[in-house]
Structure formats: structure tokens, C-alpha cells
Amino acid sequence: MKFGKEFTAQMVPEWQEAYMDYIQLKSLLKEIQRFKQISKPPTTPDGLKRKLTLYRAFSGLTQRNNHPTGPSSVSNDIESHAIFVNSVNNGGSQSYQTTFLMSSDEGGEYEFVYFRRLDDELNKVNKFYKAKVDEVMKEAAMLNKQMDALIAFRIKVEKPEGGFDSSHGPSSDESSDDKDDKENEIVNPKVREQKPKNLKANRPAPLEILSHVKMNNTLETPRSTIKGLLKHPMHTELNYTRENLRKVEDQLKPAFVEFYQKLRLLKNYSFLNTLAFSKIMKKYDKITSRKASKSYMKMVDNSYFGSSDEITKLMERAEATFIKHFSNSNRTDGMKILRPQAIRERHRITFSTGFLAGCSVALILALILIVRARKLMAKKEAIQYMDNVFPLYSLFGFIVLHMFTFAANIYFWRRYRVNYSFIFGFKQGSELGYLEVLLLSFGLAVLALTCVLLNLDMEVDSTTKDYGTYTELLPLILVLLVLFILFCPFNIMYRTSRFFFLTCVFHCICAPLYKVTLLDFFLADQFTSQVQALRSLEFYICYFGWGDFKQRLHNCEASNVYNTFLFIVALIPYWSRLLQCLRRLFEEKDPMQGYNGIKYFLTIVAVSLRTAYSLDKGMHWKSLAWISSVIAAMVSTYWDLVIDWGLLQRRSKNRWLRDKLLIHNKSVYFGAMVLNVLLRFAWMQTVLGLKVSFLHTKSLVAIVASLEIIRRGMWNFFRLENEHLNNVGKYRAFKSVPLPFNYDEDEDKDE
């Protein structure tokens, strides 16, 4: 792999703009090379040149490493006078400038531009690195204070009657406390320098720290939300119990892990950029024969990001502190947590996915051939089958299709380096890849298609006058199996991901009692595209609970309760999103959240009127459904394209698009916009009452629902691409982890 691709692959996605622009510098070198080739074309044929080079190398008459006898050798003269590098102090910030001394040479203006750009990149990298180091040093000081409180809290829990009193002489407990405190100070290298020499005589006793701290109530629950509305204080007095100690440790542990990841990425950032400067200067030497890389790299090595060892020392101290206090001094266990292993591609997953995909295709072909060979759809029982059995199995079709689109999203997010794992807040190492999602979707598809083939019976048993009991129960059994796997507490079938999903679903249902994260409203948006699947679940309850499944008969649509729940089930996802918008409007004071809530309110009105029209085919309902649906579709389309995707910007350098695009082919964005508009208005067929002669009504409804799922899958990619680019613009590459203790002297206390 070429260095340029490897360099790009190892970048922190959110910091792409802060890395040295290797591609642009390489293009400047190509211009220099192109000029030299034009101005000085080779005069010797290739074959003759190769023979001459071989002769010279073999004879030893020309040696590159010959030591000159005089001080004015050509090589030393070129190296020392081609460039002059120096550092300039501008208002307390150090910048570097390179003076190119060969501007008068033919083509020297190209090299002058190259060094000007190279200096800009060096100063950019140096400034960014120094700013990030300052950030982590402040965070290290904050973690120091948290660790002081943790150690004192442990002492209080373990020895409630003991303690550390400065009025008494040193004791064994005091020595132990001193040791713990010094071990804690190792997190921040500046702390030790700031400590007075007579540490025991001047610093306060460890237990005195507890008089200045309170516990943060960081656990987000409906109860805490209600307390917040009632202006109940979020800080509680310390209660020295083992349960609280465990809670504090559980909160500080991920904070340390996240802090250590920052240090690792910063160290990698410094290494990659130093290597990039070395590579680009070697290319410059090769093209121009100037031999200026040694002088320039000396300046790079002396720069802040090239010479500072603060991050390395801080990593060592963080490792020592974490291993001592959070892994019982077991370095192996501690480093496994601090440095989680990357997910390795497993061949059995690839094989299983391919095998199940082949089975799915074979079952689909078998289903088509059986239907056509037996002419099942031409029989009069086919209408009864489509009214009763088809809606049961269409549920699995909706789920599988949505999983397919999500797998495609993951694939393209990875391909275009969208950091979806960080944006969604997935636990590192537990997120599913597209192969795992495809494995689950193909597995469900195989089970559903097998049940369809077993239940593909159009004739009633001649003796019982009923359809087979066991075969008619197959869709219900499959639904119960899926629910059992989803809620299974045992460590099977990606338990971490299942529980993460269920937690987010619970947050969506309980909106607005939980703080709204991106993943919560992203998932709620997925459910707005699965209204037909939710109605299929309602049909399951009615069909198997009150219908006669043995006769394939039901009177669900004649039930007022069933029709009422048609409204409720369809509105739950939109209502959840509306409440989430109101919660964010209340917390963030962002008027855009209010406008977004209006969008969902309009959709609720449109869905309600369309449902009313489907139950009562009156002209007044049709007119109201028409008007509300058109308004909701127009508002939603505008919001998709302009707000969620960030497109349709007239003053962008990519006209009608964004300034930054991940996909180089701009026609993809225009095609996606047109397709989004068409699919947004596809649901209008429910108002228009369009009918296709060769399609059953249930089939047409399923097709329209599938188009909405496809639209949502396309929306997912561009929505997260826009979110990723916003993070890149703000260099947000880490999630904030709440800390357990709140100090009285903290600035945020007054706020």
C-alpha cells in the first residue's frame, strides 16, 4: 500500500483537516517534476543509460559517500544553502518559516510555493497538537482531583473510624495514604512540580478532601428528569457505602479509558505527521536532488509535536494509576481494558452469511416456481390467503429489508470513513459490522421463507374442513422465537448489541423522560418508516387472539377497538419524535427543535387523516387527507434535504450541495435528492386509491411500505455523513464521560 493511502487510513476521521495535507504537497511535487522533465528532457536512451549506470556502480569510480577534501564541496553547499529554516515567535505562539535560497534557478518559483505550503502545514499541525495537549493536561488535573476523592472515599468505606489527622504523628495508615496519594498524582506530570517539598507538613489530609465534594447524580432516569423539573439539586451528600463506592468506580473507570484513548490518538497523530513530513521531503530530494530533507526534518524534530514527550509520560502515569486502582495491580487485565483489541474478521461469519444468502435465494426461487407451477394465485382461495396470511409474513419482509439497508449503510459508512461507532456511542469492540447484520438478516429470511413454503396451502382439509393447525401457527411461532432471542438474557446472538438496542427502544417509548441522544432520535426515525410493520404486530394479536386462524377468517377491521389502535400504533413513532423534540427544545433552547416538532405534528395530522380515510371512504376525509399529506410531505422533504442532509446550499462551492462532500461523484447527491422526493410522495397512493390489476391491495401496501424503508435507508447514510462532517468541523472525536464527584470550588457549581 502506498504511504498516501496508509496515511489516510490511519487518520482520526474527525481530525482529517488537522493532519498534514500530504496529497496536496505531493501534487506540488508533481508540478516540479513535470517542469523539470519539460525543461530538461533526457538525452540518453534508456538502454544505454542503464548500461552506463551499471558500469559506474561496478567500477567504483563514482561514490556518493566520498568525503570531500575541501570545505566547499558541492553536496554540502547544496544542502546548507538550498533552504534556510528558522522559528519565529508571534505573540507567544511559535511558528516556522523556510527561506528557499534557489528561487533564481529555473523553475525555482515552483519550489518556493512548495516550501510556503509545507510551512503552513507544519504550523497547522504544531498548533493543533499543542492545543490538544493543553486540553488533556487540564483533563488530567481534573482526573487527579477525582482520584483524590476516590482514594479518600475508599479509606472512609474500608476504615470508617480511622483516618488521617494532620495533628498526629505519622502512622502506618498515614504512610499508606501518602503512597496512594502519590500514586494518584502520577496522572498529571505538572502536579508533582507544583507540590511543595515538605509534602506532609503542607498538604491537607486525604480525608479532608471529602468535605469539599458531593456526588453527581449522573444516572439519567425518569425520576431524575422529574427532579430536574422540580429544581431538585442534582448533587447529593456523600454516603459512605460499598454500593456508592462501586458506583463511583464504575463511573471513573470509563472516564480513564476514554482519557487514555485520547492520549493514544494524540501520540499516533504526532507519529503519523512526523512520518508524513519525512516522506514528503524524501520525495522532494529525489525529484530536485537538493538534499534539503535533513535540514527541514531537524526543524520538524525540534517542533513541539516532534519533540514534546508530555503525552508519552502522561500515558505511562495513566497506565500505572489505572492498573493500581481499577485492575487490582494486574497489568495484563488493565491493559486489555485500556487497549481493547480490534474486531477481527471471522471466516465462519463470512461463510455462514454466504451460505444463508444462497439458501435465501434458493427458497425465493422455489417459492416462485411453486406458485407458478400450481397456479396458486389463480385459485379463489388466494384472495383469502392474501387477506389473512400474507400480512403475517410481510412483517418479516419489512424487518429483513430494513436490516439489509442498515448493513449497506454500515458498509458505505466504513468505506467513506464515517465514524458511525463514535457518533452512535457504541461500546468499542461491540459494534456489529455489515457482515454480522447480513448474517442475522439472512438467517431471519431463511426462517421466514421456510415457514411460507410450509404454510403455502390453498385448500382446506377435506375431513376437518380446517387448515392445518400447526402450519397456521408457524408465523406466530416465528414471532415468538424472534422476541425470545431479542430478550434472551444469556450470552447468545450478540447480547451486548441486543441490550443496547432494547435500551434505546425503551428510551424512545419513555420520551421525554430520558435525555435525548443522537441514537435515540435516530432509532425513533427508523420506527416512523416501520408503521406498517407495527400494524402487522397489531394484526397478529387480533388474528390469533380473536380470529379463527384455522379457517383463515377474522373480523378485525369490523372491530372499533382494532380500528382505534390502527391510529394509536401508527402515531406512536411520530409522537415519540415530537416529545423528543420538545425535550431538546426545553434543554437546549434551540428553536430548530421546535420547528422539527412542528414537522412531526403535521405528519401526525396527515397519518391520522389518511387512516380515517382508509376506514371511511368519504370525500371530506379524502380532501383533508390530500391537503394534510401534501403539506407534511413538502415540509418533511425540505427538512430532509436542507437540515438533515445539509444540501441545497446556494452559496456552497459545490453549488446546491455542501462545501464538504465524502462522495466525489456529485451526481449521487442530486440523484438521492430526486429519489427522496419521489419516495416521500409514494404514500400518496393511499389517498389516491390507485389500484394495479395484477396486484392485491395488501401487496400494493407492502410495496409502498418497502419503498419507505428503502428511502429511510438512503436517508440514514446522508444524515450520518452530515453529522460526521459537523464533528469534523469541530474536531469532536471523543465522547464526554460524566464524573462522579463535584468539587465546591468548581466553576460550574455557580452556574
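Our structure's up above, just so we're on the same page.
Residues numbered from 1 in each chain as written. Predicted model: local features only at pLDDT ≥ 70, side-chain atom pairs only at ≥ 80, totals over all residues. Heavy atoms only, no water.

Novice: It is not clear to me how the overall build of the chain should be interpreted in this structure. Could you clarify?
Specialist: When helices and strands are counted, the chain shows 30 helices and five strands. Across the 751 residues in the chain, those meeting the buried criterion constitute 44%. Taking contacts inside the chain between residues at least 6 apart in sequence as the whole, the part at least 24 apart equals 76%. Looking at the chain as shown, the accessible area adds up to about 41,800 Å², and 59% of this sits on carbon and sulfur atoms. (Helix = DSSP H or I, 4+ residues; strand = E, 2+ residues; numbered from the N terminus. Buried < 20%, exposed > 50% of the residue type's maximum accessible area, 1.4 Å probe, protein only. Contact = heavy atoms within 4.5 Å. Areas by Shrake-Rupley, 256 points an atom, 1.4 Å probe, with all protein chains shown as cover.)

Novice: When you look at the pattern of salt bridges in this model, what are you seeing that I'm missing?
Specialist: Note on pairing: side chains with opposite charge can pair once their charged atoms come close. Tallied over the full model, the rule gives 26 salt bridges. Residues glutamate 587 and lysine 515 are paired through a salt bridge, measuring 3.4 Å at the closest nitrogen-oxygen approach. Here the residue glutamate 587 occupies a position in helix 25 (residues 560-588), and lysine 515 occupies one in the loop between helix 22 (495-509) and helix 23 (518-528), the gap between them amounting to 72 residues. Classification of glutamate 587 by relative accessible area gives partly exposed; the value is 32%. On the basis of relative accessible area, lysine 515 is assigned to the partly exposed category, the value being 43%. (Salt bridge = Lys/Arg side-chain N within 4 Å of Asp/Glu carboxyl O.)

Novice: What is the right way to read a positive patch on the surface from this model?
Specialist: A cluster of basic residues, Lys2, Lys5, Lys30, Arg34, Lys279, Lys282, Lys283 and Lys286, forms a positive patch on the protein surface. Among the elements of the structure, helix 2 (22-39) and helix 10 (242-288) are those that each provide at least two residues to the positive patch. Tallying contributions element by element places helix 10 first for the positive patch, with four residues. Locating lysine 286 in the fold gives a position in helix 10. (Patch = residues over 30% accessible without salt bridge, like charges linked within 9 Å, V, L, I, M, F, W, Y side chains within 5 Å. Lys, Arg positive; Asp, Glu negative; His and termini not counted. Charge placed at Lys NZ, Arg CZ, Asp CG, Glu CD.)

Novice: Explanation requested: the nonpolar core in the structure shown.
Specialist: One recurring pattern in soluble globular proteins is that nonpolar side chains are buried together. Of all hydrophobic cores here, the largest spans 81 residues; its most connected members are Phe396, Trp413, Phe424, Trp645, Tyr669, Phe718 and Leu720. Those residues in contact with tryptophan 413 that lie beyond four places of it in its chain are Phe406, Val418, Tyr420, Phe424, Phe522, Asn716, Phe717 and Leu720. In this structure, Leu143, Val157, Leu263 and Ala292 belong to the second largest nonpolar core, which totals 78 residues. (Core = buried A, V, L, I, M, F, W, Y, C linked by side-chain atoms within 4.5 Å.)

Novice: Hey, could you run me through the packing of aromatic side chains in this one?
Specialist: Geometry of an aromatic ring pair is reported as the spacing of the ring centres plus the angle between the planes. Inspection of every chain in the model, using the stated rule, returns 42 aromatic pairs. Note on phenylalanine 35 and tyrosine 110: the rings are 5.2 Å apart at their centroids and 35° apart in plane angle, and the pair reads as tilted. Placement of phenylalanine 35 in helix 2 and of tyrosine 110 in helix 5 (residues 108-158) is noted, with a sequence separation of 75 residues between them. Of the residues examined, phenylalanine 35 reaches a relative accessible area of 22% and is grouped as partly exposed. With relative accessibility at 32%, the residue tyrosine 110 sits in the partly exposed group. An aromatic cluster is present here, built from Phe3, Phe7, Trp15, Tyr19, Tyr22, Phe128, Tyr129, Tyr269 and Tyr304 joined pairwise through their rings. In this structure, lysine 130 packs its charged tip against the face of tyrosine 304, placed 5.5 Å from the ring centre. Over the face of the ring belonging to phenylalanine 586 we find lysine 589, whose NZ or CZ atom lies 5.0 Å from the ring centre. (Phe/Tyr/Trp six-rings, centres within 6.5 Å; stacked < 30°, edge-to-face > 60°. Lys NZ or Arg CZ within 6 Å of the ring centre and 35° of its normal.)

Novice: Looking at this structure, I do not really get helix 11 (residues 293-302). What am I missing?
Specialist: Given 3.6 residues per helical turn, the α-helix brings residues three or four places apart onto the same face. Among all positions of helix 11, only Ser293, Tyr296, Met297, Met299 and Val300 are buried. Taken around the axis of helix 11, the buried residues stretch over an arc of 150°, which confines them to a single face. Across from the buried face of helix 11, at angles greater than 90 degrees, the exposed residues are Lys294, Lys298 and Asn302. In this structure, the buried residues of helix 11 make contact with strand 1 (83-90), strand 2 (93-100), helix 5, helix 10 and helix 12 (304-307). (Arc of directions from axis to C-beta.)

Novice: Could you clarify how one ought to interpret the environment of proline 489 in this entry?
Specialist: Mapped onto the elements of the fold, proline 489 is located in the loop between helix 21 (474-487) and helix 22. Once the C-alpha coordinates of proline 489 and phenylalanine 499 are considered, the two residues, ten residues apart in sequence, prove to be 8.7 Å apart. Setting aside its immediate chain neighbours within four residues, proline 489 contacts Arg495 and Phe499.

Novice: Sorry, what's going on with the packing of helix 17 (residues 390-415) against helix 24 (residues 531-545) here?
Specialist: Packing of helix 17 against helix 24 leaves a shortest axis separation of 9 Å and a crossing angle of 150°. Crossing handedness for the pair helix 17 and helix 24: left-handed. On helix 24, the residues that touch Pro391, Leu392, Tyr393, Ser394, Leu395, Phe396 and Phe398 of helix 17 are Gln532, Ala533, Ser536, Leu537, Phe539, Tyr540, Tyr543 and Phe544. Its residues assigned to classes, the contact of helix 17 with helix 24 shows twelve nonpolar, three polar and no charged. (Axes fitted to C-alpha atoms, helices over the stretch in contact; angles between N-to-C directions. Left-handed = near helix turned anticlockwise from the far one by under 90°. Nonpolar A, V, L, I, M, F, W, Y, C, P; charged D, E, K, R; others polar.)

Novice: How should a nonpolar patch on the surface be read in this particular structure?
Specialist: Taken together, the side chains of Met592, Tyr595, Ile598, Tyr638 and Ile643 present a nonpolar region at the surface, about 480 Å² in accessible area. Within the residue set of the nonpolar patch, elements represented by two or more residues are helix 26 (591-615) and helix 27 (619-644). Top contributing element to the nonpolar patch by residue count: helix 26, with three residues. Mapped onto the fold, isoleucine 598 is located in helix 26. In this structure isoleucine 598 comes out as partly exposed when scored by relative accessible area, which is 47%.

Novice: What am I meant to see in the state of the cysteines here?
Specialist: What makes a disulfide is a covalent bond joining the sulfur atoms belonging to two cysteines. A complete count under the given rule lists one disulfide for this structure. Sulfur of cysteine 504: no disulfide; nearest cysteine sulfur belongs to cysteine 508 and is 6.8 Å away. (Disulfide = S-S within 2.5 Å.)

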